[in-house]
Every structure is written in C-alpha cells, then in structure tokens.
Amino acid sequence: MVDRTLFIEAMRHVAQSVTVVTTIGENGATGATVSAFSSLSADPPSVLVCLRSDSRIGLAVAGNRVFCVNVLPEGAAALAERFSGRFDVEQPDRFGAIDHVEGPTGPLLSGATAFECTLDKIITHGSHDICIGNVTKVTKRGTSPLAYMDGGFKVVRPEAKPEE
C-alpha cells in the first residue's frame, strides 16, 4: 500500500467538480459538500457518490434511499463552504436563507445542475460508502462548474482551440 500522506498529496492535484449532495426523508432535508462524484453508466443513466459511512449525509442517504447531486456553478464557493459544515455553529440550518427548491429526492440548489436519484446500491469500502443512484431526473444549467483542486476553488474554462 502507498503511504497515506503521499496519496493525499497526489490527490490534491486532481481537479474535482464541487457538488452538494442533498436528501430528504422522515427527518427532513440534509445536505453536504462532496468531492467524489462521477457518472457511472448511460445504460441505465446512473451516477455514484462517495459518502463517509458514519456521516450525517451518509446515514441519511442510506435511510431515505434517495439523493440529489447538485453540481455547483462557478461563483458558488460560499455555498460549498456552507454545506461543508464549517459554519454549522453560526448557521445550523444549511438551507436557511438560500435559494432552493424542494424536490422528491432532496433540495435542488439554485444555479446548480442537478441529478435526482433513487439509491440502487451501496458498496462499503474503508470509511466510505459508494452510493450508486439511478438518475430519475436531470435539471441542466448552462453555467460552467465550480472545481476544487490543490486546496482551493477553481473556475473551469475551455482551452483555446489550436489554429489550423
């Protein structure tokens, strides 16, 4: 096995889209900023998110069996910070005073591209659960996504095409 510190340092150089996973159920809505999100298959349309098994969002998704992945647009770093838990003492209601719409799988955040999912399967690996969701609805926005790399938020821009 590779050294944990080396692994973490190397992963800092991998750009990730910034997502907020939300869910709703008997105990209301909850959400958290999540970095591990990926398309899994187009047949059937499915995605995966990795959630810490013992976290509030991990336990809620496992119990509710639904979740919504909100891919944040550029300029939404404050929203990512809000759902990271960093300000829970000052602002315990993560959804308070933010623009969102309640959906059947969890709140959809304003400006985000949203993938509404039903939970198909959970695979536990180490400290995290790989949650596989079948996508039931997509809300597509035309904005560039917010990215995270090397400890900070980044803006994604297309590379200029070489002249022919």
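For the structure itself, consult the block above.
Residues numbered from 1 in each chain as written. Predicted model: local features only at pLDDT ≥ 70, side-chain atom pairs only at ≥ 80, totals over all residues. Heavy atoms only, no water.

## Considerations on the nonpolar core
- Core analysis: the biggest nonpolar cluster contains 16 residues, and Val21, Val49, Leu51, Val61, Phe67 and Val69 have the highest contact counts within it.
- Leaving out residues up to four positions away in the same chain, Leu51 has contacts with Val34, Ile57, Gly58, Val61, His128, Asp129 and Cys131. (Core = buried A, V, L, I, M, F, W, Y, C linked by side-chain atoms within 4.5 Å. Buried < 20%, exposed > 50% of the residue type's maximum accessible area, 1.4 Å probe, protein only. Contact = heavy atoms within 4.5 Å.)

## Some points on the sheet that holds strand E12 (residues 152–155)
- Across the sheet, which stays open at both edges, the three strands sit in the order E1-E11-E12 with antiparallel pairing between neighbours. For this open sheet the edge positions go to strand E1 (16–17) and E12, each flanked by a neighbour on one side alone.
- Sheet topology note: the E1/strand E11 (residues 146–149) ladder contains two bridges and is antiparallel. By the bridge assignment for E11, Gln16 is matched with Tyr148. (Pairing = 2+ DSSP bridges. Helix = DSSP H or I, 4+ residues; strand = E, 2+ residues; numbered from the N terminus.)

## Considerations on the layout of surface pockets
- In this model, the largest pocket occupies a volume close to 1300 Å³.
- As for the largest pocket, its lining consists of 35 residues, and the residues nearest its centre are Val34, Ser35, Ala36, His128 and Tyr148.
- Elements supplying a minimum of two residues to the lining of the largest pocket: helix H1 (4–11), E1, strand E3 (28–34), strand E5 (45–52), helix H3 (77–83), E11 and E12.
- By residue number, the principal contributor to the lining of the largest pocket is H1, which donates four residues.
- Along the lines of polarity and charge, the residues of the lining of the largest pocket split into 18 nonpolar, ten polar and seven charged.
- Estimated volume of the second largest pocket: approximately 190 Å³.
- Around the second largest pocket sit Asn27, Gly28, Ala29, Thr30, Gly31, Arg56, Ala60, Asn64, Pro92, Asp93, Arg94 and Phe95, which together line it. (1 Å grid on protein atoms, 1.4 Å probe; cavity = no way out; pocket = protein on both sides within 12 Å on 5 of 7 lines; lining within 4 Å. Points joined across faces, edges and corners; volume = space filled by probe spheres on them. Nonpolar A, V, L, I, M, F, W, Y, C, P; charged D, E, K, R; others polar.)

## Quick word on the pairing of strand E9 (residues 113–125)
- With six bridges connecting them, strand E6 (residues 66–71) and E9 associate as antiparallel partners. Directly across from Asn70, in E9, lies its bridge partner Ala114.
- Pairing of E9 with strand E10 (residues 128–139), which is carried by eleven bridges, proceeds in the antiparallel orientation. Bridged to Glu116 within E10 is Lys137.
- Between E9 and E10, which pair antiparallel in sequence order, lie two residues; one of them, Gly126, sits at a positive phi of approximately 60°.

## Observations concerning the pattern of salt bridges
- Per the counting criterion, the structure on display carries six salt bridges.
- A salt bridge links Arg52 to Asp54; the nearest nitrogen and oxygen atoms lie 3.1 Å apart.
- Judged by its relative accessible area of 54%, Asp54 is exposed.
- A salt bridge links Arg94 to Asp88, with the nearest nitrogen and oxygen atoms 2.6 Å apart.
- For Asp88, a relative accessible area of 22% gives the class partly exposed.
- Sharing partners across several salt bridges, the network here consists of Arg56, Asp88 and Arg94. (Salt bridge = Lys/Arg side-chain N within 4 Å of Asp/Glu carboxyl O.)

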